[in-house]
Amino acid sequence: MENDQTITKDSSRLRLLSNLADYKREFESFNIEKFRSEVEWFDETHINAAYNAVDRHVKAGKGDKVAMYWEGDENKTEKYTFNDLYKLTNKFANVLKELGVKKGDRVFIFLPRIPALFVSFLGVLKTGAVAGTMFSAFGPQAIADRLKDSGARFLVTDSELAERVYQVKKDLPALEKVIIVDRSPKEDFEIDYKQKMEGAGEEFDIEKTSKDDLAFMLYTSGTTGKPKGVVHAHNTIIQQHMTAKWALDLHDEDIYWCTADPGWVTGIAYEILGSWSNAATEVIFAGRFDAGKWYEIIQKYKVSVWYTAPTAIRMLKAAGDDLIKKYDLSSLRYLASVGEPLNPEAVLWSNEIFGLPFHDNWWQTEGGGILIANYPTMPIKPGSMGKPIPGVHADIVDDNGNPVKIKEEGNLVLKPGWPAMMRMIWNNESKYKSYFTPPAVEEKWKETEDKSLLLDPKTAPWYYSGDKAFKDEDGYFWFIGRSDDVIKTAGERVGPFEVESALIEHPGVVEAGVIGKPDELRGEIIKAFVVLEPGVEKTDQLKEELGQFVKKHLAGHAYPREVEFVDKLPKTRSGKIMRRLLKAKELGQPIGDTSTLEEY
Ligand code: ATP
Ligand code: MG
């Protein structure tokens, strides 16, 4: 939804000189060598992402800088310098080597957000093995799907989570050793993390991986279907580094807090690799969402750059502005958001209450790093995802791959070959190729299973993101919806995001999830599931009022003909509204894979 409330920023609020002083110039004069020269290479073609995140800072004399302020439950805190990380990750790499880990082996990490997670992730990369992460809330089936498909040989976990793994261990013949971080072994295949770490050497001969060697993999959140194993190479670090610098504006003096979990790609790219490659001092908070606690973290650690998600921002807003006044949040200087469309309302709210707008950015697991973003020095059009990162070519095309006009809806596509582009979908080459094949052709492929229809990624003109968007006359990109979520009503196409955004502008509404519901007359009608502010009465009159509200604020045809009040929306653990689940329930259809669903 476009609106005219463009936010032009006062650069003094940034307090530091922006890393991307002139977006246009940087975009137009982009040169891949610039990306490459910001990180350290062993030679022309060899690079290790973990070396860039940790070792190079120690070698450059920055070892005493704090890398991580960690806070767990009950105010338990720990502090790690880059020197500490260097030694610990070397130790863990030595432990793995002793256990027989080879280059290319999959080593999975199934841990809550504790320091051992970060140490083991980087330790795995140092050996040349492939690190896989799983969110700690996953249940036995989700675990089995991932460990089985990836053929993981080793798993790092804790005593509590191990119990869930053991329920499905018989289905995991490839799994040889389970490294337990918090107790002594009880089974012959278990390894004692603490004991092994104590005995391991602090120096390690890091694997000089090629830029194309695989580094990490993760299964996408499954908002639209069965999770798939997206695999990235060491080269991905280049883009993660540059985007952390440009789109998150990380500076040496910043205290940076990313609220994501490394079970999702944001936690890997901007809590481990890209952020530490910039030698950022990070806060890592292992607890759950709580508005007061979050503000307390910002105040206590003097967080200056904060990267979070729309669902959290909506919850903070719902917690009320009085709460904010109890904390000193003056350390904040730059705010960014990712993962879901960021409603204009949320941007305007933060601009008013923190004096700083949230900078939305768009990317996806397959993309490896931020692809489209709002930058510190560029005016924000609330509701827009911003413009492509220098070095990334994005466009909007129709289902056959032809460009569409300005402001016309189409498929959001990228030119293949940006540094952080995924290298494969594990065990699923046709799925990988389908990303590069126009939707019209993919449809045909699905019907015929004729694999020759799928394009070769090396020669394909576009990578299809699976999202619908449009581009405006100033080159800003606007998200419409996931291709599967777009609603076709009475001959018009409506993106659920704009209806949801209009709804939450109503003072009584906290969140909304919008779907298309089959209708004989109109093809589909718009149905909205709405979460109200506490104390607001759920009346038929309010349903009517919300419909009228959208009609007035958005468009006559885009208003929800049906409104249902709910206490909660189904979301993935990473905070995305699962519209496919709302729809399946509404239609009484099977709800499909729910391994990433938050308790609901
Ligand atoms: P799956 O592909 O398995 O259904 P997923 O797409 O939810 O899972 P991710 O890769 O974590 O898994 O999410 C990327 C998607 O999230 C994007 O393709 C887009 O639909 C949505 N998204 C991310 N950031 C934004 C944003 N800033 N604005 C709008 N949508 C966003
Ligand atoms: Mg996706």
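Criteria and cut-off values
Within each chain, residue numbers correspond to sequence positions counted from 1 in written order. Naming scheme: in the order in which they are written, chains are lettered from A and ligands are numbered from 1. Side-chain atom pairs in this predicted model are given and counted only at pLDDT of 80 or more, local residue features only at pLDDT of at least 70, and totals for whole chains, interfaces and linings cover all residues. Side-chain calculation: all heavy atoms of the structure are included, whereas hydrogens and water are not. Helix numbers and strand numbers start at the N terminus; a helix is a DSSP run of H or I with at least 4 residues, a strand a run of E with at least 2. If even one non-hydrogen atom of a residue comes within 4 Å of a molecule or strand, that residue is called near it. For this analysis, a polar contact is any N or O atom pair within 3.5 Å, provided that within protein one partner can donate a hydrogen and the other can accept it, and provided that sequence-adjacent residues contribute only side-chain to side-chain pairs. Methods summary: accessible areas were calculated by the Shrake-Rupley approach with a probe of 1.4 Å, and residue burial reflects only the protein chains presented. Here, expected helix span is obtained from the residue count minus one, scaled by 1.5 Å. Relative accessible area decides the class of each residue, using a 1.4 Å probe on protein chains only: under 20% of the type maximum gives buried, over 50% gives exposed, and in between gives partly exposed. This arc describes the spread of directions from the helix axis toward the C-beta atoms. Contacts are assigned to residue pairs that have any heavy atoms within 4.5 Å of one another. Pairs of strands are assigned from DSSP output, requiring at least two bridges between the strands. As used here, the term nonpolar core means buried Ala, Val, Leu, Ile, Met, Phe, Trp, Tyr and Cys residues forming a set that is joined through side-chain atoms within 4.5 Å. Note that the domain bounds reflect an automated or database-derived domain assignment. Buried area is a sum: the accessible area each of two parts loses on coming together, probed at 1.4 Å, counted once for each and added. The working definition used for a salt bridge is a side-chain nitrogen of Lys or Arg within 4 Å of a carboxyl oxygen of Asp or Glu. Between the N-to-C directions of two axes lies an angle of 0 to 180 degrees, each axis being a line fitted to C-alpha atoms and, for a helix, fitted only over the stretch in contact. When an angle is under 35 degrees it counts as roughly parallel; over 145 it counts as roughly antiparallel; between 65 and 115 it counts as roughly perpendicular; any other value is oblique. Put simply, a crossing is left-handed when the front helix is turned counterclockwise from the back one by less than a right angle, and right-handed when it is turned clockwise. Lys, Arg, Asp and Glu make up the charged group, whereas Ala, Val, Leu, Ile, Met, Phe, Trp, Tyr, Cys and Pro make up the nonpolar group; the residues left over, Gly among them, are polar. UniProt positions are given in the numbering used here, feature names are shortened, and annotations may be inferred rather than shown by experiment. Only Phe, Tyr and Trp rings are paired, with Trp represented by its six-membered ring, and only when their centres lie within 6.5 Å; those with planes under 30 degrees apart are stacked, over 60 edge-to-face, the remainder tilted. Working rule: Lys NZ or Arg CZ, within 6 Å of ring centre, within 35 degrees of ring normal, means a charge sits over the ring. Assignment of crossover handedness uses the view with strands pointing away from the viewer, where a clockwise path from the first strand over the helix to the second indicates a right-handed crossover.

One non-glycine residue, N75, adopts positive backbone phi at about 60°. Mapped onto the elements, N75 comes out in the loop between β1 (66–71) and β2 (77–81). Residues other than glycine seldom take positive phi values, yet K302 does so here, at roughly 55°. Turning to its location among the elements, K302 is positioned in the loop between α11 (291–301) and β12 (305–308).

Residues in close proximity to ligand 1 total 22 residues, the closest being T220, S221, T223, T224 and T365. A distance of 2.9 Å separates an oxygen atom of ligand 1 from a polar atom in the side chain of K228. Within the backbone of E340, one N or O atom sits 3.4 Å away from a nitrogen atom of ligand 1. Protein coverage of the free-state accessible area of ligand 1, which is 630 Å², stands at 95%. Those elements that provide at least two residues to the shell around ligand 1 are β14 (358–362) and β21 (477–482).

A few words now on helix α18 (residues 540–553). Taking 1.5 Å of rise per residue, the 14 residues of α18 would be expected to cover 20 Å, and the 20 Å separating its terminal C-alpha atoms lies within 8% of that figure. All buried positions along α18 are accounted for by L542, L546, G547, F549 and V550. Summarising the axial view, the buried residues of α18 lie within an arc of 160°, below the 170-degree limit, and thus occupy one face. Opposite the packed face of α18, turned more than 90 degrees from it, sit the exposed residues D540, Q541 and K552. Elements that come into contact with the buried residues of α18 comprise α17 (496–504), β24 (509–519), β25 (523–532) and β26 (562–565).

Turning to the sheet that holds strand β9 (residues 229–233), a few remarks are in order. In space, the eight strands of this open sheet follow the order β7-β6-β5-β3-β4-β8-β9-β19, with mixed pairing throughout. Each edge of the open sheet carries a strand with a single partner, namely β7 (190–192) and β19 (424–425). Across five bridges, the pairing between strand β8 (residues 214–219) and β9 is antiparallel. Counterpart to L218 in the pairing with β9 is V230.

What follows covers the nonpolar core. Nonpolar side chains tend toward joint burial in soluble globular proteins. Ranked by internal contacts, the top residues of the largest apolar core, which has 109 residues, are L273, W276 and Y307. Here this core gets eight residues from one element, more than from any other, and that element is helix α5 (residues 115–127). Apart from the residues within four sequence positions on either side, L273 is in contact with A49, A53, F121, L122, L125, F216, I237, Q240 and I268.

We now examine the domain arrangement of the chain. Here the chain is partitioned into domain 1 (11–43 + 235–388), domain 2 (49–233) and domain 3 (393–484). Listed by partner, the interface residues are 27 residues for domain 1 and 22 residues for domain 3. In this assembly, domain 1 packs against domain 3 so that about 2,000 Å² is buried in total across both faces, 62% of it on carbon and sulfur atoms. At the junction of domain 1 and domain 3, the tally comes to two salt bridges. Between K381 and D472 there is a salt bridge whose closest N-O contact spans 2.9 Å. In terms of residues, the side of domain 1 that touches domain 3 owes the most to one element, strand β16 (residues 384–388), which gives five residues.

Among the 13 residues that make up helix α10 (residues 265–277), 13 are buried, leaving the element largely enclosed by the rest of the structure. Of the residues one or two after α10, A279 is the one with positive phi, at around 55°.

On to the packing of helix α3 (residues 49–59) against helix α4 (residues 82–99). Close contact between α3 and α4 brings their axes to 9 Å; oriented N to C, the two are set at 120°. Between α3 and α4, the angle falls in the class oblique. For the crossing formed where α3 meets α4, the hand is left-handed. Contacts between α3 and α4 pair A53, V54, D55, H57, V58 and K59 from the former with F82, N83, L85 and Y86 from the latter. Partitioned by chemical class, the residues of the contact of α3 with α4 number six nonpolar, two polar and two charged.

What follows concerns the UniProt feature "domain: AMP-binding enzyme C-terminal" (unreviewed entry) in the chain. Cross-referencing UniProt, the feature "domain: AMP-binding enzyme C-terminal" (unreviewed entry) maps to residues 498–576 in the present numbering. Span residues 498–576 is 27% helix and 32% strand, its end C-alpha atoms 16 Å apart.

The next point concerns the packing of aromatic side chains. This model, assessed by the stated rule, comprises 31 aromatic pairs. Relative to Y375, the ring of Y23 lies with its centre 4.8 Å away and its plane at 25°, an arrangement referred to as stacked. Of this pair, Y23 sits in helix α1 (residues 23–28) while Y375 sits in the loop between β15 (372–373) and β16, and the two are 352 residues apart along the sequence. We classify Y375 as buried; its relative accessible area is 0%. Summarising the aromatic geometry, the rings of Y432 and F436 are spaced 5.2 Å apart at their centres and angled 65° between planes, so their arrangement reads as edge-to-face. In terms of burial, Y432 and F436 fall into one category: buried. One aromatic cluster is present, built from ring pairs that chain together W257, F285, F289, W294, Y295, W306, Y327, W349, F354 and F358. Against the face of F138 rests R146, its NZ or CZ located 4.2 Å from the ring centre. Between K551 and the ring centre of Y559, over which it is positioned, the NZ or CZ distance is 4.3 Å.

Turning to the pairing of strand β4 (residues 130–133), a few remarks are in order. Of the two faces of β4, the one carrying V130 and G132 and the one carrying A131 and T133 are both buried. As paired strands, strand β3 (residues 106–110) and β4 are joined by four bridges and run parallel to one another. Residue pairing for β4: I109 is matched across the bridge by T133. In this view, the connection linking β3 to its parallel neighbour β4 by way of α5 has right-handed handedness. For β4 and β8, the ladder comprises two bridges, and the chain directions are parallel. Bridge assignment links G132 to a residue of β8, and that residue is M217.

Moving on, we get to the side chain of D105. Along the chain, D105 falls in the loop between α4 and β3. There is a polar contact of 2.6 Å between the side chain of D105 and the side chain of R153.

What follows is about the pattern of salt bridges. Under the definition given, this model contains 47 salt bridges. The salt bridge partner of K381 is D474, with a shortest N-O separation of 2.6 Å. With a gap of 93 residues between them, K381 in the loop between β15 and β16 and D474 in the loop between β20 (463–471) and β21 connect regions that are remote in the sequence. Beyond isolated ion pairs, a larger network of salt bridges with shared partners links K517, K527, E562, E564 and E586.

Attention shifts here to the pairing of β24. In terms of burial, β24 is largely enclosed, as nine of its eleven residues are buried. As defined by bridge partners, β24 adjoins β25 across ten bridges and the pair is classed as antiparallel. Bridge pairing in β25 places P518 opposite E524. The antiparallel pairing of β24 with β25 creates a hairpin that spans three residues between the two strands.

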